[in-house]
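If you want the building blocks of each chain, they are given just below.
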Amino acid sequence: MKALVAVKRVLDYNIKARVKTDGSGVDLNNVKMSMNPFDEIAVEEAVRQKEAGKISEVVVVSIGVAKCEETLRTALAMGGDRAILVDAPENLEPLAVAKVLKALVDKEQPQLVFLGKQAIDNDANQTGQMLAALMGAGQGTFASRVNLGGDEVEVTREIDGGLETVALKLPAVITADLRLNEPRFVKLPNIMQAKKKPLEKMAVADLGVDVSPKLQAVKYAEPKVRQAGIKVETVAALVDKLKNEAKVI
Ligand code: AMP
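Residues numbered from 1 in each chain as written. Predicted model: local features only at pLDDT ≥ 70, side-chain atom pairs only at ≥ 80, totals over all residues. Heavy atoms only, no water.

On to the site of the ligand, then. If you check the shell around the ligand, you find 18 residues, and the closest are Asp39, Ile63, Ala119, Asn125 and Thr127. Within the side chain of Asn36, an N or O atom sits 3.0 Å from an oxygen atom of the ligand. At a separation of 2.5 Å, an oxygen atom of the ligand approaches a polar side-chain atom of Asp39. Contributions of two or more residues to the shell around the ligand are made by strand S4 (57–64) and strand S6 (112–116). The element that contributes the greatest number of residues to the shell around the ligand is S4, accounting for three residues. Along the lines of polarity and charge, the residues of the shell around the ligand split into eight nonpolar, eight polar and two charged. (Near = heavy atom within 4 Å. Polar contact = N/O pair within 3.5 Å; in protein donor to acceptor, adjacent residues only side chain to side chain. Helix = DSSP H or I, 4+ residues; strand = E, 2+ residues; numbered from the N terminus. Nonpolar A, V, L, I, M, F, W, Y, C, P; charged D, E, K, R; others polar.)

Moving on, we come to unusual backbone geometry. Residues Leu170 and Pro171 are joined by a peptide bond in cis, for which omega reads 0°. One non-glycine residue with positive phi stands out, namely Asn30, at about 55°. On the secondary structure map, Asn30 appears in the loop between strand S2 (9–11) and strand S3 (33–35). Of note, Asp123 is a non-glycine position whose phi angle comes to about 50°, a positive value. Tracing the chain through its elements places Asp123 in the loop between S6 and helix H4 (127–135).

Here we take up the side chain of Asp27. Mapped onto the secondary structure, Asp27 falls in the loop between S2 and S3. There is a polar contact of 3.1 Å between the side chain of Asp27 and the backbone nitrogen of Asn29. Those residues in contact with Asp27 that sit more than four places away from it in its chain are Arg18 and Lys20. (Contact = heavy atoms within 4.5 Å.)

By themselves, these figures tell us nothing about what the structure is for.
What follows is the structure, encoded as structure tokens:
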């Protein structure tokens, strides 16, 4: 059984995003970029399923600029078997990414496709759902547990106020939520080994996919700076502030 895992290169989650002065986008010059954290969880899950003998090959894929190779090498160091880098413009829309992934699914015929539940740069939370629709496959989104058996996969999903377990026929699409697992720490020997693992490069044009944008980002802005809160000594002081300063009672 083959699994395809989609990994996106994004601004590292520890870095505060700076909006360009003209509001046209986020300034990515000289900032640390890393694998989208939910994609790390997706890779970890596929690798654990392989270690449990339920998956035979883990193929990792990234769509974007040449530097996505670094992201793919990290996924290979985590245990991926081989990688595909689809050379494409930065900031492709989720529908374009889903179409590229669909073309790869047609080519690779995986039984499972793992993605992150959302990319932390655009917070779209769309690609997995769109890919499942394009494939005509079932989707287990916001997965917190994956149980593979026979020609089915059981996915426990984090939903409002509880958990839902669904059974999906293969091939299926799974998007990883935070509690699915804790990704492993990548050790130096694994990083060295990953350098020798196969990495295939192709262009969007090779896959015959139209990735032209369907929407235009009008403006980006940083959140308003909020005033720091204060502590009051007594309930009377709190009531006074609510009444006379905030004027809410
Ligand atoms: P999004 O719908 O943009 O929030 O992204 C959801 C998931 O789709 C991500 O966590 C990745 O697994 C995958 N994905 C999105 N964009 C890319 C990309 N350019 N390359 C590879 N995977 C991607």
